[in-house]
Amino acid sequence: MKLGRYAARTDPGRKRRGNEDSYVSRPPLFAIADGMGGARAGEVASALAAGALEESGAGQGGEAHVVELIQEANRRVHERASTDAETSGMGTTITVALIEDDGSVTVGHVGDSRAYLLRGERLEQLTDDHSLVAELVRRGELSPQAAEVHPQRSVITRALGTDADVDVDAFSVAAEPGDVFLICSDGLSDMVDGEQIEAIMNTHRSDLDAAAKALVQAANRAGGEDNITAILFDLVDGVPSGEPDERTKEIAVALDEEDTLHPEDGVLPPPAAEQVAAPADTMVVGAADLEAAIAAQSPEPPQAGIGRRLLALAVIAALIAVIVALVWWGLAR
Ligand code: MN
């Protein structure tokens, strides 16, 4: 198993001035970082993380190696954020896919940039978002449908750069010939649902650059609320030669906003019915704040409410009984 073709595309979307997404497309290593922070700090954070990965070089070594790559990127972002007042508080997501010599693909991630796998004609989401709404869905307190339009869907629970240490999720996928992997920022996955992504990838399976372009276009058609980045690569039979396949091509195009709205792209304003409340800027909450944020989200379970009310009634009844007893005792004397 070895790398076949690959393509990467990034686009500011239709609402944001800058592009705070950064990516690495350096086979066998692919990654996307989606930065956050005031002014241009988000751009700094994602560029630092991507730069750290590029510098480390891909290497090999499975999950432990990918975790180490991501932790090194975290150290770089955190060090800068703690020494440069202008970038204080900045952070970034990171999602990495590394093609190993044995044909497996190691995925590591922090935050809500996703990895998907198209196998056969079916798309599977490989990563679990580290986000407030994903946590609520996992706890059964929010439906996946409600999560898609939740106003706080940009709140992530883990990021690179906000702490000296970071908890990284990593796993390995045994790839099969014809597998197509997609890594993307939430500017795609928030605007285009899994079914649509699956349909677009199936349509453009033989031309991954066309697929990347169609995904960006779909996100812009749906409103383009955020920066959009997509990387696609597929795996084919064969032994890795160290060099990408002959047919391999990389087309990475950063479209400016004018291009985004070019009539040839057929980007139309989103239909009113599909518009959902724009998410607030991405921010991260720590583990302690997460519980508070979740408590603020979820209505009190009805039984707890009833129990508390019954307790209050019992206390009042007991007080009345004491007063009555005192009055009766006073009168009796
Ligand atoms: Mn984003």
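This text follows the structure it describes.
Because the structure is predicted, anything quoted here is derived from the model rather than measured.

For the pairing of strand β1 (residues 2–11), give the residues involved together with the corresponding values.
Two faces belong to every sheet, and in a regular strand the side chains alternate between them. Of all the ten residues making up β1, nine are buried; the element is thus mostly covered by neighbouring parts of the structure. Pairing of β1 with strand β12 (residues 228–236) involves eight bridges; the strand directions are antiparallel. Across the sheet, the residue bridging to Leu3 is Leu235, located in β12.

Could you give an account of the coordination of the manganese ion, naming the residues involved and the relevant values?
Around the manganese ion, the protein contributes the donor atoms Asp34 (OD), Asp186 (OD) and Asp226 (OD), which lie 2.1 to 2.2 Å from the metal centre. Written as a sequence motif, the donor arrangement for the manganese ion is D-x151-D-x39-D. Here the residue Asp34 occupies a position in strand β3 (residues 29–36), and Asp226 occupies one in the loop between α7 (208–221) and β12, the gap between them amounting to 192 residues. Like Asp226, Asp34 is buried.

I'd like a rundown of helix α1 (residues 41–56), residues and numbers included.
Taking 1.5 Å per residue as the helical rise, α1 with its 16 residues ought to reach 22 Å, and the 22 Å between its terminal C-alpha atoms agrees with that figure. Of the positions making up α1, those classed as buried are Ala41, Gly42, Ala45, Ser46, Ala49, Ala50, Ala52 and Leu53. Here the buried face of α1 lies against β2 (21–26), β3, α2 (62–83), β4 (91–92) and β5 (94–99). Positive phi appears at Gly57, one or two residues downstream of α1, with a value of about 75°.

Rules used in this analysis
- Residues numbered from 1 in each chain as written.
- Predicted model: local features only at pLDDT ≥ 70, side-chain atom pairs only at ≥ 80, totals over all residues.
- Heavy atoms only, no water.
- Buried < 20%, exposed > 50% of the residue type's maximum accessible area, 1.4 Å probe, protein only.
- Helix = DSSP H or I, 4+ residues; strand = E, 2+ residues; numbered from the N terminus.
- Pairing = 2+ DSSP bridges.
- Donors = N, O, S within 2.8 Å, 3.2 Å for Na, K, Ca; no water.
- Expected span 1.5 Å × (residues − 1).
- Contact = heavy atoms within 4.5 Å.

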